[in-house]
Structures are given as C-alpha cells and as structure tokens.
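Descriptive analysis of the structure
Residues per chain, in single letters:
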Amino acid sequence: MTPGVELLEGLNPAQKEAVETIDGPLLIIAGPGSGKTRVITHRIAYLVRACGVSPRRIIAVTFTNKAAREMRDRLQQLVGAQADALTVGTFHAFCALLLRREGESIGLPANYSIYDADDQLSLIKQAMELAELEPKRNPPQAIRSVISKAKSLLMDSRGLAQRAETYFEEISARVFHHYEELLARNNAVDFDDLLMKAVLLLQEVSEVRERYQSRYQYLMVDEFQDTNVAQYRLARLLAGDQANICVVGDPDQSIYSWRSADIRNILSFQQDYPQAKTISLEQNYRSTGAILEAAQNLISVNGMRLQKGLFTDNGQGAPLVVHEAYDQEEEASFVLGEIDRLVREESVKPGDCAVMYRVNAQSRALEEACLHRGTKYRLVGGVRFYQRREVKDLLAYLHLLHNPADEVNLSRVISVPPRGIGAKSMQALARWALDQQIPLFTAMQRIAACRSAGEPCPVALPSRAAKAVADFATMVDELIASSANTRIVDLIDQVLEATGLRRHIQSGEDRPDERWENILEFREIAQEYNAEEPADGLATLLERISLVADVDSYEESEESITLITLHQAKGLEFPVVFIVGLEEGLLPHSRSMESEEQLEEERRLCYVGITRAQHHLYLLRAFRRGFMGSTGPTVSSRFLREIPGHLLTAAKREQSVKPASKRSSFGARGPAIDAPPAPMPVRPTLEIGDLVRHSSFGEGVVTDFVASAGDHEVTIQFREDVGVKRLLLSFAPLEKIEG
DNA sequence: TCCTCATAACTTTTT
DNA sequence: GTTATGAGGA
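Rules used throughout
Residues numbered from 1 in each chain as written. Chains lettered and ligands numbered in written order. Predicted model: local features only at pLDDT ≥ 70, side-chain atom pairs only at ≥ 80, totals over all residues. Heavy atoms only, no water. Core = buried A, V, L, I, M, F, W, Y, C linked by side-chain atoms within 4.5 Å. Buried < 20%, exposed > 50% of the residue type's maximum accessible area, 1.4 Å probe, protein only. Helix = DSSP H or I, 4+ residues; strand = E, 2+ residues; numbered from the N terminus. Salt bridge = Lys/Arg side-chain N within 4 Å of Asp/Glu carboxyl O. Phe/Tyr/Trp six-rings, centres within 6.5 Å; stacked < 30°, edge-to-face > 60°. Lys NZ or Arg CZ within 6 Å of the ring centre and 35° of its normal. Pairing = 2+ DSSP bridges. Axes fitted to C-alpha atoms, helices over the stretch in contact; angles between N-to-C directions.

Now for the nonpolar core. Formed by 53 residues in total, the largest nonpolar core has its most connected members in Leu394, Leu398, Leu429, Met444, Phe472, Ile492 and Phe522. Residue contributions to this core peak at nine residues, all from helix 20 (residues 463–483).

Let us look at the pattern of salt bridges. Summed over all chains, the structure comprises 38 salt bridges. With a shortest N-O distance of 3.2 Å, Lys277 and Glu17 are connected by a salt bridge. One end of the pair, Lys277, is in strand 8 (residues 277–281); the other, Glu17, is in helix 1 (residues 13–20), with 260 residues separating them in the sequence. The salt bridge involving Asp193 is made with Lys151; its shortest N-O contact spans 2.9 Å. Placement of the pair is Asp193 in helix 9 (residues 191–204) and Lys151 in helix 6 (residues 140–152), with a sequence separation of 42 residues. One network of salt bridges, with partners in common, ties together Lys36, Asp222, Glu223, Asp226 and Lys570.

The subject of this paragraph is the packing of aromatic side chains. Using the criterion set out here, one finds eleven aromatic pairs in the structure. Ring geometry for Phe224 versus Phe269: centroids 5.9 Å apart, planes at 70°, classification edge-to-face. Of this pair, Phe224 sits in the loop between strand 6 (218–221) and helix 11 (229–239) while Phe269 sits in helix 12 (residues 264–272), and the two are 45 residues apart along the sequence. By relative accessible area, which is 1% here, Phe224 ends up buried. Arranged with centres 6.4 Å apart and planes meeting at 85°, the rings of Tyr386 and Phe522 form a pair that is edge-to-face. Linking Tyr386 in the loop between strand 13 (377–379) and helix 16 (389–402) with Phe522 in helix 23 (residues 512–527), this pair joins segments that are 136 residues apart in sequence. Like Phe522, Tyr386 is buried. Connected via pairs of aromatic rings, a cluster forms that spans Phe224, Tyr232, Phe269 and Tyr273. Here Arg259 stacks its cationic end above the ring of Tyr256, 4.8 Å away from the centre of that ring. Its end group placed over the ring of Phe63, Lys570 keeps NZ or CZ at 4.8 Å from the ring centre.

This next bit is on unusual backbone geometry. Across the junction of Val416 and Pro417, the peptide omega takes the value -5°, indicating a cis bond. Its location among the elements puts Pro417 in the loop between helix 17 (407–413) and helix 18 (423–436). With an omega of 5°, the peptide bond between Leu587 and Pro588 qualifies as cis. Mapping Pro588 onto the fold places it in the loop between strand 15 (574–579) and helix 26 (596–610). Phi is positive for Leu154, which is not a glycine, with a value near 65°. Within the chain, Gln437 stands out as a residue other than glycine whose phi angle is a positive 60°. For Gln437, a relative accessible area of 71% puts it in the exposed group.

What follows deals with the sheet that holds strand 7 (residues 245–249). Strand order in the open sheet made by the six strands is 3-2-6-7-1-8, with parallel pairing throughout. Unpaired on one side and paired on the other, strand 3 (87–90) and strand 8 mark the two borders of the sheet. The mean inter-strand angle of the sheet, taken between neighbouring strand axes irrespective of direction, is 15°. Relative to strand 7, strand 6 runs parallel, the two sharing three bridges. Across the sheet, residue Met220 finds its bridge partner in strand 7, namely Cys246.

By themselves, these are just geometric observations and shouldn't be taken as functional.
What follows is the structure in structure tokens.
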C-alpha cells in the first residue's frame, strides 16, 4: 500500500481532490464548516508522507498565530516529529524572521524594533510637527490609515505623492515622507513595513530570492480572502516559477477590507495563474440546516458575490431564536438565563456557549451580568495584556536595551518613574542631538561622559536635569552590557530594580497589586524564552510579543462561556452562539453605512457570526441601548429582516424577566425625552422583534415581515396556546405595544 | 518638574 | 463611561 494513502480516508470527493492536487497553482473555495483545516493539514501530510516531500520545503501561512499553532498541532498528529521542520506561521511572523536574517542587505539592522499602532501614532505626530501641520485639523489617526493603505499597496511616500487624488492624501504623503525618515532613525518598522520590506528584499536581492524560492517548493496560504496586495505579492515571490501555490479562502468571509485586505486577490490569482485549478468545498459539517439556511439567505442579499451551493447532511435542527430585550442589561441577563437553562435541561456545557458582538464596548454589560450571576466567562480581546501600561513600560525598557536608537520607547520610559527630566529638558536635548547629527541616546551618553570627566555639560540644561540624564544613560548602558549574557528573566528583574519601575508600580496609587500581578505574569511568559541564547532570546521575545494577538492566547475550557467580537470569532465554532446587538448602527455599524461595499462587509461579518454556530443560534437585540454615556431607542437590524421568518422563533415569554414597571415607565407612546432623533428613518410599520397586541389573539412577537401587493404580511408568534399566525397588516386589529 | 483636576472627545473591527 | 489632553498649583 502506498504510504500516506490513509490520509484520504473519510474525505469527500472535493476534499480528496484538493488533497491530491499537489502540483501547480490551486484555488480552494471553502465555505464555512467545510473541513478546510482538515484539507490543509491532510494536504501537507500527504505531501510529506505520500509524495516524499521534505517538510523543510513546505511553508504554510496563516492569518493568526492561533491558527498557525492549531495547524502545527494537527500536523504533529499526522506526521509526528517531522512537523517541526515545516514552516508554519503568519505572514507578519515570517517576514519578521526573514528581515532579521536577511534585512541587512536592504539596509535594515537585525535589531530593529517593531512599532505597534500607538508607537506609530506618536511617530506620526512628530512627523506632523516636522511637516508643520496642525494635529487639530488633520487627525493623525486618519493620516496613519492613509499611510498604512499606501504601504499595503507597496507604495512609499513618493508613490503616494504621485498618486494622491485628494488634498488629504497629499498632506498625508508629506507626513509620510517624514514618518519614513523617523522610522529609519529609530531603526524601527511598523506592521506594514514588515510585509513591504520583505517584498522589497525578495524583489531587489536576487540571491536571497533564489535561495528562498528553491528552499520552499510548496506554499499554502490560508484565509486568502483576507490577504492584502503586499501579502499576495509576497506569496507570489515565494512561489516563484514553480508555482506550487495553494490558496484557500471564502470571499463571503472577507471581513478585513478596512485593513486593506482585498478580495480581488482571488480574481488576480486566477488571472496571474490561468492554469490554476479551482475546487469548491460546499458540504457543511458544522451547522444545522436551519442555521445554514439562515446564513445563506442573509449572504445572498450581497450583490457582488460568487454563488455557492452550500449544503449539509445534518438535520434541520431547532429554529433560530430571536429576542428583543429592553436594554443591554436585560439582553445580557437573557443570554445568561438561557445558558443556565441549556446547561440544566440540555446537557450543554458553559464552554459550548459563545456570545458575539460587534464592538468591544459591548462586553461590559455582559461581563457585569456574569459577575453578578457568578457565571464564569473568558473574555477574548478587550484591553490587551501587552497594551497595559505597566507591561508596556517594561517592554519599552526592553526594546530600548535591544535597540538604543528607538526614541519612541526612550521617550516613553524617560519619566517612568519620574526622575526629574521633563519635557523642556528633553526638547533641549533633542535639538542638540539633531544639531550634532547623533541619536538621542548617544547625546545622553555624551553628557554622562562629560560629567564623569569633569567637563562642562555641552547642552544648556539645569544641573539637576543634566545629572539625571547622565545617571539614566549610565544605568541603561549597564543594562545593555548585562543583556548580552543574562537570562531574560534575570534581565527583567534587573530592569525592574535598576530603573525603579518595581517601586514605582508597587507604591503607586493606581491598583498597585493588580499591576504588579501583570508584571509577574509577563515574567512568567518571558521565562519560556530562557532556553535560547540570551541575546537572541531578547530578540525573539520582543518579536513574538509584537506580533501576537489576544485571540492567540484563547484556550478552551469547559466551565467558562466565551465573550468575543465577531471579528475574532472567525475560524472558531461553538455548539451554542448568541449574537447580541442586532441593531442598526451597531450591526451594521454606523461607520459602515455610507457605502454599499461597507454594508456588504457588515453583512459578511454577521454571516461569519451565524456560521460559527453548530446547534443553537440566538439573535438578540436591545430596545434601548446606552452609547457614550447617554441612552436612546434603537432600530432593529436589517439583517434580521433578511433571514426568512420560518427559520425564526420568538423566545419564550418568561425569559423576559424585567419587572413590568421598568417597561411601562418608559411609556407606550410617550415622547422619548432623552432620546436623540433616530439616525435612520424608522419603518412606519412593524419590524421583526416588535411586540404587538391582537384584539383576540393577545400578545405576540413579530417574527417575519414581507411586503406584498400594496400591503404587508406579518408573521406573529403568539402565546403557545395560540401559536403562529400570518396576518395582513391592513386588516388585522393589531396594536404595537411599545417603541 | 510633577501632579491634580477639569473637560473634551471619542469607540469598529487587528496582524 | 472611558481615556487623552491641558491648565494651574505645589
């Protein structure tokens, strides 16, 4: 028997074909729950075990570190220790490594820093000062986004200046130019640079390109619909003329266009590789028929779309539950109440349940409800660990030790703790450094040298400040010297003591215990890097930390429910899913309602959420929701209307447990005094989720609403003894109960 | 130089 | 209901 042939067992024909097609370009269109990961991992294992390809020659690129880790784990099971020789990682991680090894050939020193969004912003503000632009009139955030878009299209500041179409782009190009220089001076790159410089490197330096092309014979790209132009170019450069490139994606799950992801890459792929084979995986193994049907109906509203015929052999399953809560507190308590009930009555584990939302701010109400009820939960995202102030401060010191040219991190730590070097002194120092054409930190070292030699200070500084600067430079120098031969954890301890950071945190007013806990947690993480060479250990630690997302640290647990944004939920699946906040302005988000493209992306986001569910799906909405301190009534999401009514059912009545007083106090028709005018024209009639009273049937919930021949047909779920009724709006004696 | 208090401005989504 | 910024006082 051919070795590795058992890897094909249990695959459907399309999956099998995808695994066996190993040479030449291959595009796999993989619907949700179609066994995509299985196909990718089996394909790699097949290459290794059946085709005898050395694992060193295979590279698989994923979107998140978590996906990479999962893939590696699965491959370990399929090919054992050989999995270690595979290259599996995110685009950014691969580029970071490539640049650290080969960057010198395009003038990038190996000890470069990676700047995150915050660092970028502070550099952009500096660049704006140099370009003499008012940050008030030109929001730095917006400029950053223009720069980032340009870079993801592989444009530098010259390119942007040439192709600028608006005044704002022209301004941005001017800032961009200074920004590039500042990055170079700080020996730093931003996220987009990782990709752009890697492309530049492979394009310009043929020796390196050929080496990598001949090393990697087989290339796979996961989540291809979320790649941007730079990433796609990189993939093509790596694939070379051999073109054993396999890309896997689903255009309907493209939700990162705001980060310059470009679905058109799928079209480009077919143009760039006309001989490419396309395989569609259409059988869904994850969800019930009802869930899949709802998802398909929703997504089919999108205009620009490749039709797909998803199907499942799973049963129809339970209908989707829609519920309108009074406010976000009641929404949260409904969710938790329902989870309790499922755990009690249907042997569901809390860990099987996930609550998904559009924006992180929505997690607050849910967290509070969990705390109140004693429900264990795991929050994915939120305030990121590495973004916490104390952790970032410590990291900034480590960055400075690794790359003393890094002035963003230098400025960050110069006054943490306060050591008598204020803004004025820093300004004077910076001016002098610029004058002397030396880096800021070198200027500080000069002052230290002058002082110890008893010479006068070359910069006009108050003597206290001059001493403080000299002490600081000496301290950092000592730490740098020590970093070359100290284990990471010991280095961290030295930094905490020498800089006074430990005392600063522990004697601080602001939750000192919690903040110190975070430092200790960071210390734990760093411990894992001890095995490596000390100097290299610092480099890898910093690199890894710069490139991890929070979803990466997500671990499954049986007792805790999961709170997660819709974006982060991509690639995950749960038996029970609650999607909350199905309201106009939230899902779809108000910032995405300007253009049809953005709206379609919101719809895809909703689609991603729905297709995460295996057995039970709940679609929730709050009638009133607070935003930015104030609170106002909401309008039901159009997405609810785009799901056919026969798939939906209203939540059982007793679930809405809020005391009646709260409801009635708002008043059925009374003017909403504190409510801002609704941003969207409210439908003059009824909407899905509305509560109505019928003169003979009693109270009910609208579950469907269709226009028909000059009238509207409403489907209403009444009390259990009455059941579901279809009524024509113009005839039915219906009264809306509220809002 | 550093800290406190007020106010303004804002919140998509993340490698 | 937050977090970033600024003025003014110690």
